[in-house]
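In case you want the letters, here they are:
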Amino acid sequence: MNPAESKSTSDLSVPISKGWLERIGLIGLSSIEAPLLAALVTESPLLLIGAHGTAKSLLLTRAADALGLAFRHYNASLLNFDDLVGFPLPGKDGTLEYVRTPASIWGAGAVIFDEISRCRPDIQNKLFPIIHERRVQGIALKGLRFRWAAMNPPSTDDDENGYAGSEPLDAALADRFAFVVEMPRWEQFTPEQQLAIIRAEDSPVRPEDATYLCDLIGRSRQIAGTLEESFQKEIADYVRTVIALLAQANIALSPRRATFLFRSILAVTASSLAIDPNVEIPEAILLALRSGLPQRAQGIPIAEIKLLSAHREAIRSLRLTENDPLRAILCTANPLERFQLAIRALKLRRSDFSTVTADALAQLKPGAREAAILHLFETGAVGRLNAAVAAQAGESYQQIAMVPEFSESLHASSSRFAAWSRLKDLLSQLDPQEPRAHLHANALASLYARKQLHTPVDAEQAFLAFAETDGLLRAV
Amino acid sequence: MTTEPGYDLLHNMSAPSKSTVKYSGLSSLTGKDAQQSTTGYHFGTPVRFELAFPLAGHDPMTIMALIGVKPGSFKGKDSTKHLIALIEECAMKLPLPEGCAAIPVKASHKAVWTDVLTILAILTKSTDTVWLRSKTPSLASAMHRTAVSLLVPPCFTHRLAEVRR
């Protein structure tokens, strides 16, 4: 062999791995090492989502091997219920027993449902109790510790190159998985990792690597116990706040998910610390959050920016004192309620008041937003805003306090004309003797002039939203 | 060039008809007269703050002389800082809400305050749309304009009446 060639090959070899995944033969997955370890630590249901050939099944099979588990690997797209439980046989005492086969679920320590998104709905329903309660037909599956599943990314209407047979998971089934982890894609690997994958050989898990994993799980459990004793309240507060903030960004999570997140944050943080004692705790918490969102299995995209800003805000809220009004505001999902709380919280810092107000105004519907801006100026609360936010509110307010005159030539068949006709009908019902009616009319006319009302329904909704919000804010 | 009779008519028939939509206040839609407001606003009272002459080209020393501050009273101090401090002090005392909408100036808006320092406290703390008591004064903005009107909300107008008295 040419020495130069030999040198280049050795340069490209992967350095001796310290990560548990590399030890059991999985390369380039260090970014998801902690949540996967946490799933082993908590023995909570784990769902892997990834393109074909991203080693989902290999990972689960090797983890089961390393832990010495009796495991069953089912292809959910081909699964019949008899494959799971065996054949039913009436017992002598009138009970129903099952004739067990080597492939049936009885006696398994780990179970893998591959291609779960290609599974028939009736079979999916039967998987619910196995995944969530470790029960089948109401019978406890003694000895079953790990429930794992894998799927390709669900197909969506917008994705022409998606997986045609991979359906978005039912929301209730997706919510049964405490960990929903996305597998790294080929292009995310370094050139060295890609080459190592190409040359990888399928060799059994070495006993010392299996022991390493078991020790790591034990160490993580110990750390998780300590973390729970010391930071239980802080983590619970974080979960409460981050759920409210995600709801504000239209990412709704269930109460079950709140419980899952609390446990998974403890476990992922503990696992991260067991892997690397120098890890940044907020980063570990973000990793836990990212690995705990069921929406990914439902084909609902989650903007990273939304996730990141909710996480940062929730972390920041942990530093606030118990009585800081910002805590209550951050935990309130309804933008109008947040706005009202902020107006009432006179001790709120200017920067916080400005951020909360700007966010709330951006989330309020047309009509409601104008009523809120009116309230800001009527109460003088605008003076608590920073100049940039106040100037923006002032621009809208000018349109309400003064008559926003406009004239526009439209085709009678256009929807914009129809929207105006409906708006005109609605505004005609207002009593011009009432000073408030003029503000109402101006607010709606300015929305129309700014092309924010496109249809008659838009006009009706904005008309009602102004009346309702204005009434609510003035009552206070 | 000649056109055949009826050509224009045929051309117009091929275009969809258009209608004009317009808004010039609620009364224009309802056809009923509104309770007339003397100010033209149905909400709040506009107040005009106007300098008798532009300040462009004046340095802080000259402006302070206009205000009536004697040069000896701030000897050794930075004149700009001193002027800003006076503006801040004046703004703090003004019986206005913490923030007010700035609106286009009209001669019909009443000028409740006419002293240069108060007008500066408004001009230097106003953007195109809003006046904020807490805003850092910008002397440059007072150089560019001579007047601004604020729309004082109804629940604060009683304070204006006290000033007038």
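Structure report, in brief.

This paragraph deals with the overall build of chain B. In terms of helices and strands, chain B carries 7 helices and 5 strands. Along the chain direction, N to C, the helices and strands of chain B fall in the order α-β-α-β-α-α-β-α-β-α-β-α. Out of the 165 residues belonging to chain B, those deemed buried represent 43%. Nonlocal contacts in chain B, meaning residues at least 24 apart in sequence, comprise 73% of its contacts between residues at least 6 apart. Split by element, the accessible area of chain B, about 9300 Å² in all, is 55% carbon and sulfur.

An order of β2-β5-β3-β4 (chain B) is seen for the 4 strands of this open sheet, with the pairing classed as antiparallel. Edge positions in the sheet fall to β2 (45-50) and β4 (130-132) of chain B, since each has one partner strand and no second. Averaged over all pairs of adjacent strands, the angle between strand axes in this sheet comes to 35°, irrespective of strand direction. As defined by bridge partners, strand β3 (residues 99-103) of chain B adjoins strand β5 (residues 147-152) of chain B across 3 bridges and the pair is classed as antiparallel. Across the sheet, alanine 101 of chain B pairs through a bridge with leucine 151 of chain B, a residue of β5 of chain B. Against the sheet, helix α17 (residues 387-401) of chain A touches β3, β4 and β5 of chain B, its axis set at about 135° to β4 of chain B.

Residue and element names in this part refer to chain A. In a regular helix each residue adds 1.5 Å, so 42 residues correspond to 62 Å; helix α9 (residues 207-248) covers only 49 Å between its end C-alpha atoms and thus falls short of that length. Taken as a whole, α9 carries its principal kink of about 80° at phenylalanine 231. At the exit of α9 stands asparagine 250, carrying a positive phi of roughly 65°.

Turning next to the pattern of salt bridges. Residue and element names in this part refer to chain A. Here the structure, examined in full by the defined rule, presents 30 salt bridges over all chains. Here glutamate 313 ties to arginine 316 by a salt bridge, and the two come within 2.8 Å at their closest N and O atoms. Of this pair, glutamate 313 and arginine 316 both sit in helix α12 (residues 304-318), 3 residues apart, roughly one helical turn. Residue classification places glutamate 313 among the partly exposed positions, given a relative accessible area of 22%. A salt bridge links aspartate 352 to arginine 316, with the shortest nitrogen-to-oxygen separation between them at 3.2 Å.

So, about the pairing of strand β4 (residues 96-99) of chain A. Sheet topology note: the strand β3 (residues 87-90) of chain A/β4 of chain A ladder contains 4 bridges and is antiparallel. Within the sheet, the bridge partner assigned to phenylalanine 87 of chain A lies in β4 of chain A and is valine 99 of chain A.

Residues and elements named next belong to chain A. Contact pair helix α11 (residues 281-290) / α12: the axes reach a minimum separation of 11 Å and the direction vectors enclose 135°. Taken together, the axes of α11 and α12 lie oblique to each other. Crossing geometry of α11 relative to α12 is assigned as right-handed. Contacts between α11 and α12 involve Pro282, Ile285, Leu286, Leu289 and Arg290 from the first element and Glu304, Leu307, Leu308, His311 and Ile315 from the second. Its residues assigned to classes, the contact of α11 with α12 comprises 7 nonpolar, 1 polar and 2 charged.

This part covers the interface of chain A and chain B. Residue-level contacts link 45 residues of chain A with 39 residues of chain B. Summing both sides of the interface, chain A and chain B together bury roughly 3500 Å²; the carbon and sulfur share of this comes to 66%. Taken as a group, His411, Pro432 and His438 of chain A account for 15% of the area that chain A buries against chain B, more than any other trio of residues on that side. For the interface between chain A and chain B, the tally reads 0 salt bridges. One can count 8 residue pairs in polar contact (both at pLDDT 80 or more) joining chain A with chain B. Counting only elements with at least two residues in the side of chain A that touches chain B, the list comes to α16 (368-378), α17, β10 (406-411), α18 (415-428) and α19 (435-449) of chain A. With 9 residues, the single largest contributor to the side of chain A that touches chain B is α19 of chain A.

Here we take up the nonpolar core. One finds Trp148 and Leu376 of chain A to be the most contacted residues of the largest nonpolar core, which totals 135 residues. Ranked by residues supplied to this core, first place goes to α9 of chain A with 13 residues. If we skip the residues at most four places from it in the chain, tryptophan 148 of chain A touches Leu40, Leu46, Leu60, Ala63, Ala64, Leu69, Ala110, Val111, Ile112 and Phe113 of chain A. Counting residues in hydrophobic clusters, the runner-up holds 33 residues, among them Leu55, Leu83, Val116 and Ile122 of chain B.

Our next topic: unusual backbone geometry. Residue and element names in this part refer to chain A. For glutamate 115, which is not a glycine, the phi torsion comes out positive at approximately 55°. By the element assignment, glutamate 115 lies in the loop between β5 (110-114) and α6 (121-133). For glutamine 137, which is not a glycine, the phi torsion comes out positive at approximately 50°. If you trace the backbone, glutamine 137 turns up in the loop between β6 (135-136) and β7 (139-140).

All names here are of chain A. Axis separation between α16 and helix α20 (residues 456-475) bottoms out at 7 Å; the angle between their running directions is 30°. Taken together, α16 and α20 sit at an angle that is classed as roughly parallel. Along this stretch, α16 crosses α20, giving a crossing that reads as right-handed. Where α16 approaches α20, its residues Ala368, Glu370, Ala371, Ala372, Leu374 and His375 are matched on the opposing element by Ala465, Phe466, Thr469, Asp470 and Leu473.

We now examine the environment of alanine 65 of chain B. Structurally, alanine 65 of chain B is set in helix α3 (residues 60-67). Taking the C-alpha atoms as reference points, alanine 65 of chain B and leucine 96 of chain B, separated by 31 residues in sequence, lie 26 Å from one another.

The subject of this paragraph is the packing of aromatic side chains. Given two aromatic rings, one states the distance between the centres and the angle between the planes to describe the pair. Following the criterion strictly, the structure yields 9 aromatic pairs over all chains and no others. Relative to tryptophan 420 of chain A, the ring of phenylalanine 406 of chain A lies with its centre 5.5 Å away and its plane at 80°, an arrangement referred to as edge-to-face. Of the two residues, phenylalanine 406 of chain A is situated in strand β10 and tryptophan 420 of chain A in helix α18; the sequence distance between them amounts to 14 residues. Like phenylalanine 406 of chain A, the residue tryptophan 420 of chain A is buried in the burial classification. Aromatic ring contacts, followed pair by pair, group Phe406, Trp420 and Tyr448 of chain A together with Tyr23 of chain B into a single cluster. One Lys or Arg, arginine 23 of chain A, reaches over the ring of tyrosine 212 of chain A and ends 3.8 Å from the middle of that ring. Over the face of the ring belonging to phenylalanine 353 of chain A we find arginine 384 of chain A, whose NZ or CZ atom lies 4.0 Å from the ring centre.

Calculation criteria
- Residues numbered from 1 in each chain as written.
- Chains lettered and ligands numbered in written order.
- Predicted model: local features only at pLDDT ≥ 70, side-chain atom pairs only at ≥ 80, totals over all residues.
- Heavy atoms only, no water.
- Helix = DSSP H or I, 4+ residues; strand = E, 2+ residues; numbered from the N terminus.
- Buried < 20%, exposed > 50% of the residue type's maximum accessible area, 1.4 Å probe, protein only.
- Contact = heavy atoms within 4.5 Å.
- Areas by Shrake-Rupley, 256 points an atom, 1.4 Å probe, with all protein chains shown as cover.
- Pairing = 2+ DSSP bridges.
- Axes fitted to C-alpha atoms, helices over the stretch in contact; angles between N-to-C directions.
- Expected span 1.5 Å × (residues − 1).
- Bend = angle between axes of the 7 residues up to and from the residue.
- Salt bridge = Lys/Arg side-chain N within 4 Å of Asp/Glu carboxyl O.
- Parallel < 35°, antiparallel > 145°, perpendicular 65-115°, else oblique.
- Left-handed = near helix turned anticlockwise from the far one by under 90°.
- Nonpolar A, V, L, I, M, F, W, Y, C, P; charged D, E, K, R; others polar.
- Buried area = accessible area lost by both parts, 1.4 Å probe.
- Polar contact = N/O pair within 3.5 Å; in protein donor to acceptor, adjacent residues only side chain to side chain.
- Core = buried A, V, L, I, M, F, W, Y, C linked by side-chain atoms within 4.5 Å.
- Phe/Tyr/Trp six-rings, centres within 6.5 Å; stacked < 30°, edge-to-face > 60°.
- Lys NZ or Arg CZ within 6 Å of the ring centre and 35° of its normal.

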